[in-house]
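Residues per chain are reported as follows:
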Amino acid sequence: MTFAIHLLSYTVPCWLINVTLNLWYLLKMRYPKILKYDAALDLNKNFFDGYRILGNSTTWVGLPIALLSGAIIESFLSTPEIGLLKGLAVYAGHALGSFTKRRFNIPRGQYVPIVDHGDSIILTGIIFYALGLESLSIVVAGVILTLIAQPIMAYSGYKLKLRDNPL
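Along each chain, the written sequence defines residue order, and numbers are assigned to residues from 1. Confidence filtering applies because this is a predicted model: local features only for residues at pLDDT of at least 70, side-chain atom pairs given and counted only at 80 or more, and all residues used for totals across whole chains, interfaces and linings. Neither water nor hydrogens contribute to the side-chain values; these are computed over all heavy atoms in the structure.

Considering the packing of aromatic side chains
Test applied: Only Phe, Tyr and Trp rings take part, Trp by its six-membered ring, and two of them pair if their centres are within 6.5 Å. Stacked means planes under 30 degrees apart, edge-to-face means over 60, and tilted covers everything else. Helix and strand assignments follow DSSP, with helices taken as H or I runs no shorter than four residues and strands as E runs no shorter than two, numbered in order from the N terminus.
Applying the stated rule across the entire model yields four aromatic pairs. Between the aromatic rings of Phe 47 and Phe 48, the centroid separation amounts to 4.5 Å while the plane-to-plane angle is 35°, which identifies the pairing as tilted. Look at Tyr 155 and Tyr 158: their rings are 6.1 Å apart centre to centre, the planes differ by 35°, and that puts the pair in the tilted class. Remark: Tyr 158 and Tyr 155 occur in helix α5 (residues 136-159); sequence separation between them is three residues, near one turn of the helix. Feature note: the residues Phe 47, Phe 48 and Phe 99 constitute an aromatic cluster, connected by ring pairs.

Below you can see the structure in the form of structure tokens.
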């Protein structure tokens, strides 16, 4: 397998898991009645600094959506088990990014470079490299590619009126 194909087979599933999570969020915003079926993972609790632990975008329904979408997407490329791990890693990266933003009292929707487009791919890369599932060169290239591609995709979503913010 060429480096480019390997890189895409590693990064694109992560992106698609994020897209699936964004679609769930979009559905909740378009159809507010759905909100009653979901709840923030942090149960609306504050950390000892007085700010929310994670915020409203990291939810209980989001976790199984990430796991299921990861398993389905990755089953076309490798195994559903790798997909479950990738879905969990992407979701945990998203949660870590939310946690980080809350520590600095950054409002929801405000863009923070690297955190907003890199959180999930960075944590996924750390986990996959640590477990020996991916090479360092693929992980680093995946982070770089994601930090270039994600803002472009986010801006495109904004222009299509699928997002409230351009980044």
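Back to the text.
Quick notes on the confidence of the model for the protein chain
Do not read the predicted coordinates in detail wherever pLDDT is low. To keep it simple, the criterion reads: The quantity called pLDDT is the predictor's confidence in a given residue, expressed from 0 to 100.
For the protein chain, the average pLDDT comes to 92, and 100% of its residues sit at 70 or higher. At the low end of the mean pLDDT range in the protein chain sits α5, at 92; at the high end sits helix α2 (residues 62-75), at 97.

Section: the nonpolar core
Going by this rule: Here, the term nonpolar core denotes a set of buried Ala, Val, Leu, Ile, Met, Phe, Trp, Tyr and Cys residues that are joined through side-chain atoms within 4.5 Å. Relative accessibility decides the category of a residue: with a 1.4 Å probe and only protein chains considered, values under 20% of the type maximum give buried, values over 50% give exposed, and everything between is partly exposed. Here, two residues are considered to be in contact whenever any of their heavy atoms come within 4.5 Å of each other.
Of all hydrophobic cores here, the largest spans 17 residues; its most connected members are Tyr 10, Ile 17, Leu 21, Ala 66 and Ile 121. Going through the elements one at a time, α1 (3-30), α2, α3 (80-103), α4 (115-130) and α5 are the ones with two or more residues in this core. With residues near it in sequence (within four places) discarded, Ile 17 still touches Ala 66, Ser 69, Gly 70, Ile 73, Lys 86, Gly 87 and Val 90.

Quick notes on the environment of Leu 88
One can find Leu 88 in helix α3. Judged by its relative accessible area of 43%, Leu 88 is partly exposed. Among residues more than four places away in sequence, those in contact with Leu 88 are Leu 63 and Leu 67.

Side note on the pattern of salt bridges
Using the following cut-off: Salt bridges are defined by distance alone: a side-chain nitrogen of Lys or Arg within 4 Å of a carboxyl oxygen of Asp or Glu.
Enumeration over the complete set of coordinates arrives at five salt bridges. Of the charged contacts, one joins Lys 28 and Asp 38 as a salt bridge, the two residues approaching to 3.0 Å between their closest N and O atoms. Of this pair, Lys 28 sits in helix α1 while Asp 38 is found in the loop between α1 and α2, placing the two residues 10 residues apart along the sequence. In this structure, Lys 28 and Asp 38 share a single accessibility class: buried. Between Asp 42 and Arg 52 there is a salt bridge, with its nearest N and O atoms 2.7 Å apart. You can see Asp 42 sitting in the loop between α1 and α2 and its partner Arg 52 sitting in the loop between α1 and α2, a full 10 residues away along the chain. Neither Asp 42 nor Arg 52 differs from the other in exposure class; each is buried.

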